[in-house]
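Working through the structure, step by step
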Protein chains: 2
Amino acid sequence: MSSDHSSSIGYQIPVVAADFKVACSSCNLRELCLPVTMSEPDVDRLDALVALRKNVKRGQALFRAGEPFMALYAVRTGFFKTRVAGSDGRDQVTGFQMAGELLGLDGISSDTHACDAVALEDSQVCVIPFDRMEEMAREFPGLQREFHKIMSREIVRENGVMLLLGGMRAEERLAAFLLNLTKRLHARGFSSSSFVLRMKREEIGSYLGLKLETVSRVFSRFQDEGLLEVQQREIKILDQDALQRLVNAAPC
Amino acid sequence: MSSDHSSSIGYQIPVVAADFKVACSSCNLRELCLPVTMSEPDVDRLDALVALRKNVKRGQALFRAGEPFMALYAVRTGFFKTRVAGSDGRDQVTGFQMAGELLGLDGISSDTHACDAVALEDSQVCVIPFDRMEEMAREFPGLQREFHKIMSREIVRENGVMLLLGGMRAEERLAAFLLNLTKRLHARGFSSSSFVLRMKREEIGSYLGLKLETVSRVFSRFQDEGLLEVQQREIKILDQDALQRLVNAAPC
DNA sequence: CGTTTGCTTGACAGCATTCAACGTTGGTGG
DNA sequence: CCACCAACGTTGAATGCTGTCAAGCAAACG
C-alpha cells in the first residue's frame, strides 16, 4: 500500500528505508533470544549477524509459503501467527510467536518458506541472514548450541501440540493454550493473570483444532465455573490451578 | 534379557558387545541419511562421527523421556515409533521412523529426551554422539547445512501433522497417512503399492488422533470402495489417485 | 451514525467414540 | 496335531462431543 503510494509520486522508497540498524549487545531481549547463552564479548560479534530490523504492520505477512528462504526473524516487538495452507483452502495455525521467539525455521529444509507468518499487531523483527548465521555458528560453539536448542524446542513444542490435538477435549485444549500463554507472558515480565489476547477466536480455534463457536462456548463455560473472566479479548485468570488440573485430568 | 543371562554365568558382557563398528562411507543408506549432500572425502571423515551401531529388539525402547540426551540415532534397519506421554497416562504417537531417518532431535532442547523411541521390529541404529556431531558440523559446512535441513524438515513434517489433526476427517487422515508411507517406502526402493504395516491399529490411531476402531472401520470402508485391499497388516493400494483426491478434497 | 467485523448463544445434526461381542492370528503346551 | 490362550482386529449399536447453521449482540472503524 505505502509502496503503491510512493511509486505514484515518482520514486521508489526502498524497503529498508523503514528499517533500522541495530545491535544484539544493546537489546533488552538478550535473555530471551538467540544470544541467551553467549558471553559478553561474543555477543558483540553477533551485532554483525543481525543486519537490520524490519517493521511489519498488523495483518501484513512477514513471509509467505513458497517464497525463497533467506533469513530467520527474531520477534522484537509485537505478535505473529504462523499458518500452513491445506491443499483445499483450509488452513491451520501452527503457532503464535511473541518477543524473543524465532520465525522462519521451516524454510531451512527446502530453501523455501513452508508457511505464512502474519503479524497480529504492528510488530518489529530482527532480520538474521541465514548464511551468515551458519557461518557464525561455525565460529561460536555457544551460538551453534543455542540455535540447535531453539530448533529442538520447536520440535518439542509441536510434539505437545500433537498431544493436544490428538487426544484432548475442547476444555482441555483451551486450558492448555491459556496456561502456555500465561507462562510465556510471565517469562517476559507481564502479568500472567490478566492479559489481552492478540488473536481472534477463529485463530485460537484453528490452532486448537476447534471451531470458533466452540472456543467461544468454552470461554463462557470457564467463566460460569469461575475459572476466569472473559470480555472479548480481555482475559483474567482467576483459578490457574483449576486450569492446570483440567489439562492433567484423564479424558474420562 | 541377554545381559541377565550373561551375568548369571559370571561375567558381564558390555552393552557394546552386541554392537558394531561401522563407517558411513560404506553404508548403503548414504543417500538417505546425514551424509546425503557431502562429498566423497568428507564422508570418510564422518566415519569418526558414527561410533557404533546398536541393536534394539522389537518392543524395546531406544531411549525414554527423561533420560539424559547424549546422542542422535540414525535408523539403519527396522522401524520405530516415537511417543510423548500425557500427564494422565494418555500417550500420543508423534512419528514413525524408518531406515535413514534420525531419532533423538527432541533431546537437544533440554539435554533430556522428551519422548520415548520404541522399536516396532528388531532394528539397528547408528549412534551419533551429539557433541562430536556439533564439532564436525563446525568443520564441515555441508554437514552443518544438512543437519539444519533435517531439523527443519522435522518441523515442517509436524506442521503437516498439525494440519491433519486440526481439521481433517478420519478418512482424510488415514489417506494422508498411507500416502506418506508409500512415498517413503518408494524412496527406499520398496513397492509403494503393496506393503506390510509395522504398527498396530492402536498406534496408527494414536498418531492420527483416532481410536483404533475408527482406523479399522476406515480401512474396511476403503476396501469396500475398492481403494485398497487390507488383510490385517497387509496393505495393497489399488487406487492411489483416489486416496490423493481424498486428501485434497474440501471438508464439505 | 451506520457498516463491518468479531463474538456469543441456541437448536440440531453428524461423525467419531464408547461399549460390547465376535473373529482371527500366532504362540504354547498338552 | 490339536486345544487353548492372549493379543490384535473387525463389526454393530448407542451415546455424546463438536460442528453446522442461524440469529442476535457488541465493538471497531470510517
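Report on the accompanying structure. (Residues numbered from 1 in each chain as written. Chains lettered and ligands numbered in written order. Predicted model: local features only at pLDDT ≥ 70, side-chain atom pairs only at ≥ 80, totals over all residues. Heavy atoms only, no water.)

Let's talk about the sheet that holds strand β7 (residues 194–196) of chain A
Residue and element names in this part refer to chain A. Rules: One bridge is not enough; two strands pair if DSSP finds at least two bridges between them. For helices the rule is a DSSP run of H or I covering at least 4 residues; for strands it is a run of E covering at least 2, with both sets numbered from the N terminus onward. Whenever a helix is involved, its axis is fitted only over the stretch in contact; in every case the axis is a line through C-alpha atoms, and angles between N-to-C directions fall within 0 to 180 degrees. Here a residue-residue contact requires only that any non-hydrogen atoms of the pair lie within 4.5 Å.
The antiparallel open sheet is built from 3 strands, whose spatial order is β7-β9-β8. Bordering the open sheet on either side are β7 and β8 (228–231), each of which pairs with just one other strand. Pairwise comparison of adjacent strand axes, ignoring direction, gives a mean angle of 15° for this sheet. Packed on one face of the sheet, helix α5 (residues 170–187) meets β7, β8 and β9 (234–237) and runs near 100° to β7.

Section: the packing of helix α5 (residues 170–187) of chain B against helix α8 (residues 240–248) of chain B
Residues and elements named next belong to chain B. Put simply, the rule is: Angle categories: roughly parallel below 35 degrees, roughly antiparallel above 145, roughly perpendicular from 65 to 115, and oblique for all the rest. Helix crossings get a hand from a simple test, with the near helix turned counterclockwise from the far one by less than a right angle marking a left-handed crossing and a clockwise turn marking a right-handed one.
Following both chains from N to C, one finds α5 and α8 inclined at 130°, their axes separated by 8 Å at the closest point. Relative to α8, α5 is oriented oblique. For α5 against α8, the interelement crossing comes out left-handed. Across the interface between the two elements, E171, E172, A175, A176, L179 and T182 of α5 pack against Q240, L243, Q244, L246 and V247 of α8.

What to know about the packing of aromatic side chains
The test is simple: Each Phe, Tyr or Trp ring, with Trp reduced to its six-membered ring, pairs with another whose centre is within 6.5 Å; inter-plane angles below 30 degrees give stacked pairs, above 60 give edge-to-face pairs, and intermediate values give tilted ones. Buried residues are those whose accessible area, probed at 1.4 Å on protein chains only, stays under 20% of the maximum for their type, while exposed residues exceed 50% and partly exposed ones sit between those limits.
Evaluation of the coordinates by the stated rule reveals 14 aromatic pairs over all chains. Ring centres of F96(A) and Y207(A) lie 5.2 Å apart, and the angle between their planes is 65°; on these two criteria the pair is classed as edge-to-face. Of this pair, F96(A) sits in strand β4 (residues 91–98) while Y207(A) sits in helix α6 (residues 201–208), and the two are 111 residues apart along the sequence. The buried category is assigned to F96(A), whose relative accessible area is 6%. Given the relative accessible area of 10%, Y207(A) is considered buried. Arranged with centres 6.1 Å apart and planes meeting at 55°, the rings of F130(B) and F147(B) form a pair that is tilted. Of the two residues, F130(B) is situated in helix α3 (residues 130–139) and F147(B) in helix α4 (residues 141–167); the sequence distance between them amounts to 17 residues. Like F147(B), F130(B) is buried. Among the aromatic residues, ring-to-ring pairing joins F79(A), F96(A), F177(A) and Y207(A) into one connected group.

Here's the deal with the interface of chain B and chain A
To keep it simple, the criterion reads: Summed over both partners, the accessible surface that disappears when two parts come together, traced with a 1.4 Å probe, is what is meant by buried area. Every case where a carboxyl oxygen of Asp or Glu lies within 4 Å of a side-chain nitrogen of Lys or Arg is listed as a salt bridge. Polar contacts, as used here, are pairs of N or O atoms within 3.5 Å; protein pairs need one atom able to donate a hydrogen and one able to accept it. Residues neighboring in sequence count only if both atoms are side-chain atoms. Three classes are used: nonpolar for Ala, Val, Leu, Ile, Met, Phe, Trp, Tyr, Cys and Pro, charged for Asp, Glu, Lys and Arg, and polar for all others, with Gly counted as polar.
Contacts between the two partners involve 51 residues from chain B and, on the opposite side, 51 residues from chain A. Counting the surface chain B buries against chain A, the share from its top three residues, R90(B), R138(B) and M162(B), is 16%. The interface formed by chain B and chain A holds 10 salt bridges in total. Taken together, the links from chain B to chain A amount to 27 residue pairs in polar contact (both at pLDDT 80 or more). Every element with two or more residues in the side of chain B that touches chain A is listed here: β3 (71–85), β4 (91–97), α3, α4 and α8 of chain B. With 20 residues, α4(B) is the largest single contributor of residues to the side of chain B that touches chain A. When the residues that make up the side of chain B that touches chain A are grouped by side-chain class, the tally is 23 nonpolar, 14 polar and 14 charged.

Focus: the protein's contact with DNA strand C
Stated precisely, the cut-off is as follows: Definition of nearness: a residue and a molecule or strand are near each other if at least one heavy atom of the residue lies within 4 Å of the molecule or strand.
Among the 17 residues in the neighbourhood of DNA strand C, the closest are listed as K200(A), R201(A), S220(A), A170(B) and T214(B). In DNA strand C, atoms within 4 Å of the protein come 66% from sugar and phosphate. Between a phosphate oxygen of DNA strand C and a side-chain N or O atom of T214(B), the distance comes to 2.3 Å. Breaking the surface near DNA strand C down by element, the ones donating at least two residues are α7 (212–224) of chain A together with α7 (212–224) of chain B. For the surface near DNA strand C, the element with the most residues is α7(A), which contributes 5 residues. The class makeup of the residues in the surface near DNA strand C is 3 nonpolar, 5 polar and 9 charged.

Focus on the relation of the copies chain B and chain A
Convention followed: Alignment of copies: least-squares fit on C-alpha atoms of residues with pLDDT of at least 70 in both copies.
Aligned on chain A, chain B shows an RMSD of 0.0 Å; the corresponding rotation is 180° and the shift along the axis is 0.0 Å. Here the transformation between the copies is reduced to the relation of a two-fold axis. Among all C-alpha atoms of chain B, that of R138(B) lies closest to the rotation axis, at 2.1 Å. Of all interface residues in chain B, 100% are interface residues in chain A too; the two copies therefore contact each other through one and the same surface.

What to know about unusual backbone geometry
Despite not being glycine, D111(A) shows a phi value in the positive range, around 55°. Here D111(A) shows up in the loop between β5 (102–103) and β6 (116–129). Despite not being glycine, Q232(B) has its phi angle at roughly 55°, a positive value. Q232(B) gets classed as exposed once you look at its relative accessible area, which sits at 65%.

Re the pattern of salt bridges
Counted under the stated rule, the structure contains 39 salt bridges over all chains. Across the salt bridge formed by R83(B) and D116(B), the nearest N and O atoms sit 3.1 Å from each other. With R83(B) in strand β3 and D116(B) in strand β6 (residues 116–129), the pair connects residues that are 33 residues apart, well separated along the chain. Here R83(B) matches D116(B) in class, with each residue buried. For R198(B), the salt bridge identified is with E121(B), shortest N-O distance 2.7 Å. In this pair, R198(B) is assigned in the loop between β7 (194–196) and α6 (201–208) and E121(B) in strand β6, connecting sequence segments 77 residues apart. Look at R198(B) and you get partly exposed, because its relative accessible area is 33%. Members of the salt-bridge network, linked through shared partners, are D111(A), D131(A), E134(A), R145(B) and K149(B).

A short note on the protein's contact with DNA strand D
Near DNA strand D there are 18 residues, and of these A170(A), T214(A), K200(B), R201(B) and S220(B) occur at the shortest range. Protein-proximal atoms of DNA strand D, defined as those within 4 Å of the protein, fall in sugar or phosphate at a share of 67%. One of the side-chain N or O atoms of K200(B) is found 2.7 Å from a phosphate oxygen in DNA strand D. At a separation of 3.2 Å, a phosphate oxygen of DNA strand D approaches a polar side-chain atom of R233(B). Those elements that place two or more of their residues in the surface near DNA strand D are α7 of chain A together with α7 of chain B. Top contributing element to the surface near DNA strand D by residue count: α7(B), with 5 residues. Partitioning the surface near DNA strand D into residue classes produces 3 nonpolar, 6 polar and 9 charged.

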